[in-house]
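Chains, contacts and geometry: an overview
Given next are the chains, with one letter for each unit.
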Amino acid sequence: MLYYMKELKKKNWIDWIKIIVAIDIAGVGIGLILGFDMHVFAHVFGFVTQIFFGVLYVIVAILIFKRIFPQELAQEEHIEAKKMDKDIADTTHAVKKGAKKIAQKVVAVTEKAHLKIDNLLDKGEEFIYKRKQEAQDEITKIMKH
């Protein structure tokens, strides 16, 4: 067990994605046996993770088909393997780029929300301060008369 923990620490982000997809696929397999929908991670964030895992499942299926139906000549198989490696690299780059765009949009939306909440709190504070001042002025008037 300790060996596996040390190995997990050495994994990069693409290996972690592979691990997560493998766990989810195993959950789906167990769910099929038991008659349940047992996605482990695909339903975590609703439709966003469903789309993400759907794309990853299609990529896994394509890679499996490419390995099952190899080219007739070893030379062509080697070329196909290099093409698959390039496809994987391109896909990872696209996923990384998409994730970066989503993160930037989340930051922008969070910043806007933060500013709106801050402005709302400022207005509330100003409102309360004015009401407190009005109450003090009214008490002062009552005390003088």
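Before going into details, it helps to say that this report is about the structure given with it. (Residues numbered from 1 in each chain as written. Predicted model: local features only at pLDDT ≥ 70, side-chain atom pairs only at ≥ 80, totals over all residues. Heavy atoms only, no water.)

Thoughts on a nonpolar patch on the surface
Nonpolar side chains collect at one region of the surface, where Val44, Phe45, Phe47, Val48, Ile51 and Val55 lie side by side and expose about 630 Å² of accessible area between them. Considering the arrangement of structural elements, one finds phenylalanine 45 in the loop between helix H2 (13-34) and helix H3 (47-68). Classification of phenylalanine 45 as exposed rests on a relative accessible area of 63%. (Patch = residues over 30% accessible without salt bridge, like charges linked within 9 Å, V, L, I, M, F, W, Y side chains within 5 Å. Areas by Shrake-Rupley, 256 points an atom, 1.4 Å probe, with all protein chains shown as cover. Salt bridge = Lys/Arg side-chain N within 4 Å of Asp/Glu carboxyl O. Helix = DSSP H or I, 4+ residues; strand = E, 2+ residues; numbered from the N terminus. Buried < 20%, exposed > 50% of the residue type's maximum accessible area, 1.4 Å probe, protein only.)

Some thoughts on H3
Over its 22 residues, H3 runs 31 Å from end to end, which matches the ideal 32 Å to within 8%, given 1.5 Å per residue. Buried residues belonging to H3 abut H2. (Expected span 1.5 Å × (residues − 1). Contact = heavy atoms within 4.5 Å.)

Digging into H2
Across its 22 residues, H2 extends 32 Å between first and last C-alpha, which sits within 8% of the 32 Å expected from 1.5 Å per residue. Restricting attention to buried positions, one finds in H2 the residues Ile17, Val21, Asp24, Gly27 and Gly31. For H2, the angular spread of the buried residues around the axis is 120°, confining them to a single face. Within H2, the exposed residues directed more than 90 degrees away from the buried face are Lys18 and Ile33. In this fold, the buried residues of H2 make contact with H3. Once H2 finishes, glycine 35 follows within two positions and takes phi at roughly 85°, a positive value. (Arc of directions from axis to C-beta.)

Focus: the side chain of threonine 49
If you trace the backbone, threonine 49 turns up in helix H3. With sequence-adjacent residues up to four places away left out, threonine 49 is seen in contact with Phe41, Ala42, His43 and Val44.

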